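# A look at the structure
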Amino acid sequence: MVFHEVDDVDHWLASPRRDEFFGRLGMTGRTFRDPGGSNRVGLIMEVPDTASWEAALQSEAAAEAMKFDGVRPETIVVLVAG
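Residues numbered from 1 in each chain as written. Predicted model: local features only at pLDDT ≥ 70, side-chain atom pairs only at ≥ 80, totals over all residues. Heavy atoms only, no water.

Before going further, it helps to spend a moment on the confidence of the model for the protein. The predicted model of the protein has a mean per-residue pLDDT of 95, with 100% of residues at 70 or higher. Per-element mean pLDDT across the protein ranges from 92 in helix H3 (residues 50-57) up to 98 in helix H1 (residues 9-14). (pLDDT = per-residue confidence, 0-100. Helix = DSSP H or I, 4+ residues; strand = E, 2+ residues; numbered from the N terminus.)

Next up, the structure:
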């Protein structure tokens, strides 16, 4: 599970970048928004393995996708299955 804030929730939800970036890596995400109207959003990610996902997030392509989608990187919180 991933939680973070974005500049514009509607833009983030409609953006194809997330699927483009994660899809080529065999990863998918189900999106969620805060029903209270804040800029907080979330994803439940299905990834082949955590190490590949973490490595992908450190790439320049991930930084570009996050910038395009208006993700505020300093707000990212990640939870993993226990």
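Here we take up the sheet that holds strand S4 (residues 71-78). Across a sheet, paired strands are connected by hydrogen bonds in the backbone, their directions being either parallel or antiparallel. The strand order across the open sheet built from four strands is S2-S3-S1-S4, with neighbouring strands paired in antiparallel fashion. Only two strands of the sheet have a single partner each, and these edge strands are strand S2 (28-33) and S4. For this sheet, the mean inter-axis angle between neighbouring strands, taken without regard to orientation, is 25°. The pairing of strand S1 (residues 2-6) with strand S3 (residues 40-46) spans four bridges and is classified as antiparallel. Looking across to S3, one finds that Phe3 is bridged to Gly42. (Pairing = 2+ DSSP bridges. Axes fitted to C-alpha atoms, helices over the stretch in contact; angles between N-to-C directions.)

This part takes up the nonpolar core. What tends to happen in soluble globular proteins is that the nonpolar side chains get buried as a cluster. Counting residues in each nonpolar core, the largest one holds 14 residues, and the members touching the most others are Val6, Trp12, Phe22, Met45 and Trp53. Where this core is concerned, the elements lending two or more residues are S1, H1, helix H2 (17-23), S3 and H3. It is S3 that provides the largest number of residues to this core, a total of three residues. The contacts of Val6, once residues within four sequence positions are left out, are Trp12, Asn39, Val41, Asp69, Gly70, Val71 and Arg72. (Core = buried A, V, L, I, M, F, W, Y, C linked by side-chain atoms within 4.5 Å. Buried < 20%, exposed > 50% of the residue type's maximum accessible area, 1.4 Å probe, protein only. Contact = heavy atoms within 4.5 Å.)

Here we come to a nonpolar patch on the surface. Residues Met1, Phe3, Phe32, Ile44, Val77 and Leu79 make up a contiguous nonpolar surface patch of about 480 Å² in total accessible area. If you trace the backbone, Phe3 turns up in strand S1. Look at Phe3 and you get partly exposed, because its relative accessible area is 32%. (Patch = residues over 30% accessible without salt bridge, like charges linked within 9 Å, V, L, I, M, F, W, Y side chains within 5 Å. Areas by Shrake-Rupley, 256 points an atom, 1.4 Å probe, with all protein chains shown as cover. Salt bridge = Lys/Arg side-chain N within 4 Å of Asp/Glu carboxyl O.)

What follows is about helix H4 (residues 60-69). Among the residues making up H4, those that are buried are Ala62, Ala65 and Asp69. Down the axis of H4, the sector holding all buried residues measures 65°, keeping them to one side. Facing away from the buried side of H4 by more than 90 degrees, the exposed set consists of Glu60 and Lys67. For H4, the secondary structure elements touched by its buried residues are S1, H1, H2, H3 and S4. (Arc of directions from axis to C-beta.)

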